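# Working through the structure, step by step
The lines below spell out each chain.
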Amino acid sequence: MPDSLEFIDLNRLDHTTFRNWQYSQDYCITCGLCASSCPASGIDGFDPRKLIRMISLGLQDPVVESRWPWVCTMCGKCENVCPMEIDIADAVRNVRSLRERQKVPGILQKGLEAALETGNNLRLPKDDFIFILEDVAEEIAAEPGFEGFHVAVDKKGADLLTTIHNKLVNTHTEDLKHWWKIFHAAGENWTVPTENWEGTSWGYFTGDDEAMKTMAGRIYEQMQKLEVKNLLWPE
Amino acid sequence: MTGKTLLIGNGPCARRIAEDLVARNRGILVATPEQGFDISPALAAKYTAETSMEILTETKVISCRGSAGNFSVALKHNGKTRKAAVGNIVIAEEERRIPCFSLYGLTPASTIISLSDLKPLVPEPPGNHRRFAGITSMVFLSGIVEESNPVIMEEIMAACLKLQTSEKLKTYILTRNLKVAADGLENMYRKTKTAGVVYIKFTDAQPEIVQMEDGRVRFEFVDEITGDFLRLSADLTIVDEKIAPSNYATELSRIFELDGDPNGFAQRDNVHRLTVCSNRRGILVAGPARCVQSISDQYIDAGNAVLSLLEQERPASDQGVEKARIETGKCVRCLTCYRLCPYRAILVNTRVAVAPDACERCGICVAECPRGAIGMGQQESSKPLVLPAITGAKAVKDDRLPSITAYCCSRSAARAAELAARLGYSLPPGLQVVEVPCGGSVSLGHILAALNGNADGVMVLTCHEGNCHSEFGNIYARQRVDRAKALCAAIGMESGRLVHRTLASNMGIEFAQAVAEFEKQLLEMEPGRLKTGKK
Amino acid sequence: MTQKTVAVIGGGVTGLSAALELARFDISVDVFEKSDFAGGHAIQFACKAADRCVKCGACIVEEKLSQALQDPRIRILTGSRIEKISKAERFSIDLNQKAEYIDAGKCTSCGVCSAQCPQDGAVIAGVSKSHLPFYAIQEDKCRYLADKSCTRCQDACPETAITLDATATAISREADAVVLATGFSLFDPKNKPYGYGTFQNVVTNLELEGIVRREGCALKPSDGQPANSVAFIQCVGSRDAKLNHLWCSKICCGSALRMAQLIKARQPQTQISFFYIDVQTFGSDFQAFYRQVQGDVHMVRAIPGDIFQSEGGRLKITCVDNQTHDTVQEIFDLVVLSAGLQPCEQNIEVIKQLKLNVGDDGFVDPSTANGGEISGGVFAAGTVAGPMSIADSIASAGDAALQVIKYLEMGEKPI
C-alpha cells in the first residue's frame, strides 16, 4: 500500500451515526442489484451500493459532501430490486438533508428560501401574478369556443383549488392554457389562490422536511380560508 | 450378526450413539484415547448397574483382524494389550481444530487468539465486561486466504452478537466469501449487522496484516465497495480455524484399512458411502471423523449410525447370493486378492478365503487372480457374466456393421444403456451389452476373449473416477484396457479397437453417443482379425 | 415387533431413502408421490462429471428408485394426492389416485403417444430408465379431457394401452406412522427483471439440468443450438427479505459451478460468467475446486439488474462493474437463473393436517422433524424442513427412519 495515500481510520468511524435512520441500510448484503439497475451508476465513481455502505460505515462527511446524492433522481429503481428492502432513495434524500443549506447545489435552496419568504420561488409580487394570469385568460377567451373564459382567483366555496408551478407564470405561460381549457370544457368550479400559490416544494428535493411542512401547511390554510374541499397539486 | 459394537470416539455424535445403543440393551464397548467419555449421569448409572456397556478410557486401537460380524481388535491401555471380539465398529472421533495464525502471518499472543480460545471467554449469559477490559475493537479473520465454512461462520457470528450487544465492543469480521449456507445463518447475519457488526468482504485482494509490538494488529486494505483505503486496528484479533479430522481418526483409517480421503477423514466422499458407511461392511464412520459437520449434523449422523448397526443385525439384502470363492487347490497364496480387495474381504489364515459377509461381489479378485483360482457364481476369469443384450429398438442385424462388445458396469453404464434405449436412441445393431458387477471385474482375459470371439471392438464402460463403489474398480478397468491396447499395438492391431469411457446411470444420450462414435471409428477399420465368431 | 406399515408422503430422494431403510426392517411402506414420476427434483439433475465424479449424488437417486421399485415391501404410487389424513389409533389416509390413462402393464414406452400428441406439454416424458410408463398425460393440457376433441394418442398406441376415459379413484390406506418427505418448490423468477417466461433463452437451474440431461450439452431453447456464452445468476429468490426468503438455498453455488465446469469440458469455447454475492462451500476439497474453476469461469461479484433481448434471441445483461461503478452491458446466448428452494405451497394442507409446526420461513420446523413423541407418529425429513443437498437429504431420511422405528417399537418388542 503506497504511503502517500490517505487512510480512513475505521476504528474512528462510528457506524451508529445513521443508526436512527430507519432505512434498513444495515441489512445490505452488498449484492449489487441496486448498482446494476441504477441509471446514475458510475457518475463520480459512485453507485447506490457504495452510498449505502458509506452510510452503514458512518462515512458521514464524504457522503454529505459528494455530488452523487444530488445527481440521483430518486427514481426508485434501486429500491425496486433491493432484496433487503432498503429504502435507498429515502436514504439519498436524508443525505441531502445533512448538507448545510448554503451548500445545497444549484438554485434549489435559493428558490426554496424565496418561497418560504414570499410564497413563491420567484418572489413574484401578488399584483404581477394576478396580471399574468388574467393576461393568459384573455388570450384564451379570444379563442373560438372559449368565449367567456375567465380565471377565478381566491374564489370562496369553489370545488377545486389548484397550485401553480412557478415556471408557468414565468417562461412557460402558454402551458397554463392546456389544463385551463379542460377545466372550462368540463365546467369545473375551480380557483387559484393569489397568495402561497407555489406548487413546487423544493424542500422535497433538498431533504428539508420542515420547509415541506411549511409549504404544505400554507396551501392547506388557503383551502381552509377559501373553504375549498379538493386540492389539485400537480407536483 | 449380533455382536458387540466397538465405539471409538467422544463428543456429541459418539455420545448419542452410545445412549441409543445402551437404551436398546446392545453390547457396546467404548474405547477412547482420552481420559474420559462424555456421557450423561443417567447413562453412567446404567453403565454401573448393567454390563451392556463397557468404557475404556486412555485406550487406543492397535490392530484389527477379521471381517464384518467377526472382528478381533487389539486395544492398548497403559502398556497392556487386550483383544476384543466385536461384531461391528463405529469411528466417531471428534474434530480437530487447526488455528490459522500462520495463514494470516500472525503469531499467537494474548491479543491474538483462535476461535476456540475465544469461545469460553464469551460470557453466557452476557454481561461480564472484565474479561475484555481495555479492549474496544475485536477483529475476526475468517476464510480470507483459504475458504471457510458455515460451521465456523456461525460460531463467529454468535460470538459477535453476544459481544456486540452486551459488551459494548466494536466487532469486525473480515472474510472473503461470507458463508451463510446453514439453517438460520442468513437471519443471524442480519441480526449481527443490526447489532453493529461491521463486515469487510474481500474478493481477489487481501488485507495487509501487521502484528504490532504492543500486540495489536493493524489491517490496511481497500474497501471493495466504496474504494476507500481503510485502516483498522484490533485490540484483540481472533483467527478462524480449519476443521480437520483428529490425528487418531486418520490413524484408525489406516489401521482398519479404510479408504480415507486426502484430508485425513476416515471416509472418502464417495457417494456410495452415504451416509455413514465405509468401504468395509461392519465399519462405520460417523460425525466429524468423516467430514466437516455442525452439531446438528453430528446428531443426524448418530441416528444413521445406529440405524446401520440395527440393519446389520438383519439378514443382509444379498444373503443367499453367491459371493467370491477361492478354490484352495489352485490358490498359491500370492495374496494379490488380499491386497486388491477394496472391501478387505479376504482373510488370510491357514487358507486364504473370502469372508462372505464382507464380500461385495465386485469381481476384482476374480479378474486379478493370476491362477484363475477365484470364482463368483457364474463369473469366472475368462467367462464373463452375460445378461441379455440390450440393443436399440428396431435394430436390424447387418453383417457389414461392426460387432461391438461393451462391458458395462451394472451401476452406471448398463443402466445408461437402458436409459438410452428408453429415450428412443437407436443403438448400433452390432452392439452387445455385457453387464458386469464392476468395471474392475473385467479382466484382460475378458477383453481378449471378446476380440477373439465376436467383437471387432471392445468397450469397457465404467463409473466415473471417484464414483466407483469399489473405489478403484474403474481405475483397474482403465489400466487393463491400456494393457490390452499395448498388446494390440505389439501385434500390429489398431489400439482404437479398445476404448475405456466413464459414465453414470443417468447419462442416456452420452451412452448413445459413445457407442455411435465407436461404431463409426470401427467402420473405418477392417473386421477384427482375431475374431473367430464365437460368442 | 408386529407387522407395521408406514406411509411416506413424497417419492423424491428423501422419501425413497426413508422407504428403503424402513423396508430393511420388514416394515411395509407405501410411498405416495403426487407427480407422475418418482424421484422428485433430484432425479432430474444431470451428471456433472467431466472425467471425475463431482459428488452431487444425482446417480444415487437413480439407484434408490431402482431399488425401491424392486423391493416387494415397498409400493410406490405415483399420481396420488393426499386428500385427508387423520389419526385414531392408526393413521387413515384418503388419497385421490390419478386416472390411469396409460396402462402400466401394457405400455412399452415406445413414445408414439408423445410423437402423435398435437398439444404442447400434454404428454410429458420422464427422465429415468425407472420411469415406467415413460410418458404421462397432463390433465390440464390434454385436449380430450378439455373437450373430447382429440384421441390421437389412444388411437395410435400399438399396445392399446391408453384409455382417455379413465377416471380418478379414491383410495384409502392405513399406516402406523407417517414420514413427510414432500420436498421443496423451485422459486419462479417470473417477477424478477430477467425476462423469465418471456425470453426463451432465460432458464432456471433446474431447466438447464433437464436440457443437459436430455441433450448432453447446454443448448439454447430458442433454436436448439449450443450456447456460446452462458451467464449464471445466483441467489435468485434466495437471500431475499422482500420475498420473505431470508435464507441461503445452499446448493445453488455448487450446482452452478459444477455445471459451468461440465459445459466448459463439453464445449470448451463457451464463455461463462458467474454473477454472485458470496460463493458457498461444497465438497470435500472446495479450496482446490474453487481455485480451478476460476480459471474456467469469469466470476463477477455483483448481481445483474436488467436483462433485455438482443438479436437472435440473445440476451443483454446489465451489471455494475465493481471497479468503475458504472454499469456495463454484456451479451449472452443463455442466461441461467439459480432459482432458490422454497416451501411448496401445495403441501401446506397436508402439513396442517399432520399438525407439524411451520417456521416463519414456511419450512417445517426441524424440531418437529424426527420428533418422536412430539409429533405423535409423524416425522419430517428432507427439504420440506429447509434447503439441503442430496447427501443431507439422505442423512435426514436415515435419522427419520430410526425415529420411526423407535416410535413403532413403543409398547412392543424391539426390532
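Residues numbered from 1 in each chain as written. Chains lettered and ligands numbered in written order. Predicted model: local features only at pLDDT ≥ 70, side-chain atom pairs only at ≥ 80, totals over all residues. Heavy atoms only, no water.

## Focus: the packing of aromatic side chains
Residue and element names in this part refer to chain C. Filter applied, for reference: Two aromatic rings, drawn from Phe, Tyr or Trp (for Trp, its six-membered ring), form a pair once their centres lie within 6.5 Å of each other, and the interplanar angle then sorts them: stacked below 30 degrees, edge-to-face above 60, tilted otherwise. Partly exposed describes any residue whose relative accessible area lies between the buried limit of under 20% and the exposed limit of over 50%, with all areas from a 1.4 Å probe on protein chains only and scaled to the type maximum.
Counted under the stated rule, the structure contains 19 aromatic pairs over all chains. Measuring from ring centre to ring centre gives 5.3 Å for F134 and Y135, while their planes differ by 90°; the resulting arrangement is edge-to-face. Accessibility assignment for this pair places F134 and Y135 in one class, buried. A centroid spacing of 5.2 Å and a plane angle of 15° characterise the contact between F286 and Y290, whose relative ring orientation is stacked.

## Details of the interface of chain B and chain A
Spelled out, the test is: Contacts are assigned to residue pairs with any non-hydrogen atoms lying within 4.5 Å of each other. Accessible-area loss on putting two parts together, using a 1.4 Å probe and summing over both, is the definition of buried area adopted here. Salt bridge, as used here, is a side-chain nitrogen of Lys or Arg placed within 4 Å of a carboxyl oxygen of Asp or Glu. Polar contacts, as used here, are pairs of N or O atoms within 3.5 Å; protein pairs need one atom able to donate a hydrogen and one able to accept it. Residues neighboring in sequence count only if both atoms are side-chain atoms. Helix and strand assignments come from DSSP, with helices taken as H or I runs of at least 4 residues and strands as E runs of at least 2, each series counted from the N terminus. Amino acid classes used here: Ala, Val, Leu, Ile, Met, Phe, Trp, Tyr, Cys and Pro are nonpolar; Asp, Glu, Lys and Arg are charged; the rest, including Gly, are polar. Two strands are said to pair when DSSP picks up at least two bridges between them.
Facing 27 residues of chain B, the contacting portion of chain A comprises 23 residues. Broken down residue by residue, the surface that chain B buries against chain A is led by R190(B), I225(B) and F229(B), which jointly contribute 28%. For the pair chain B and chain A, the interface holds one salt bridge. A salt bridge links R53(A) to D223(B), with the nearest nitrogen and oxygen atoms 2.8 Å apart. Taken together, the links from chain B to chain A amount to 13 residue pairs in polar contact (both at pLDDT 80 or more). For the side of chain B that touches chain A, the secondary structure elements donating two or more residues are β11 (170–175), α5 (185–195), β12 (198–201), β14 (217–222) and β15 (229–234) of chain B. Taken together, the residues that form the side of chain B that touches chain A break down as 11 nonpolar, six polar and 10 charged. Alignment of strand β1 (residues 8–9) of chain A against β15(B), held across two bridges, turns out to be parallel. By the bridge assignment, I8(A) is partnered in β15(B) with L230(B).

## A few points about the domain arrangement of chain B
Residues and elements named next belong to chain B. For clarity, the cut-off: Domain segmentation is taken from an automatic or database assignment of domains.
Under the domain assignment used here, chain B contains domain 1 (5–94 + 246–311), domain 2 (97–243), domain 3 (325–375) and domain 4 (404–523). Taking only C-alpha atoms, the centre of domain 3 and the centre of domain 4 are 25 Å apart. Tallying the contact residues gives 10 residues for domain 3 and 11 residues for domain 4. Summing the contributions of domain 3 and of domain 4, the shared interface buries around 800 Å²; its carbon and sulfur component is 57%. For the pair domain 3 and domain 4, the number of links is one salt bridge. In this structure, the connection of domain 3 to domain 4 is made through three residue pairs in polar contact (both at pLDDT 80 or more). Grouping the amino acids of the side of domain 3 that touches domain 4 by side-chain chemistry returns six nonpolar, one polar and three charged.

## Quick notes on the packing of helix α6 (residues 205–215) of chain C against helix α7 (residues 252–266) of chain C
All names here are of chain C. Formally: The angle between two axes is taken between their N-to-C directions and runs from 0 to 180 degrees, where each axis is a line fitted to C-alpha atoms and a helix contributes only its stretch in contact. Put simply, angles under 35 degrees are roughly parallel, angles over 145 are roughly antiparallel, angles from 65 to 115 are roughly perpendicular, and the rest are oblique. What makes a crossing left-handed is the near helix being turned counterclockwise from the far one by less than a right angle; a clockwise turn instead makes it right-handed.
Where α6 meets α7, the axes come as close as 12 Å, and the angle between the chain directions of the two elements is 30°. For the element pair α6 / α7, the angle class is roughly parallel. The handedness of the crossing between α6 and α7 comes out as left-handed. Residue-level contacts link L208, E209 and V212 of α6 to S255, M259, L262 and I263 of α7. In terms of residue class, the contact of α6 with α7 is built from five nonpolar, one polar and one charged.

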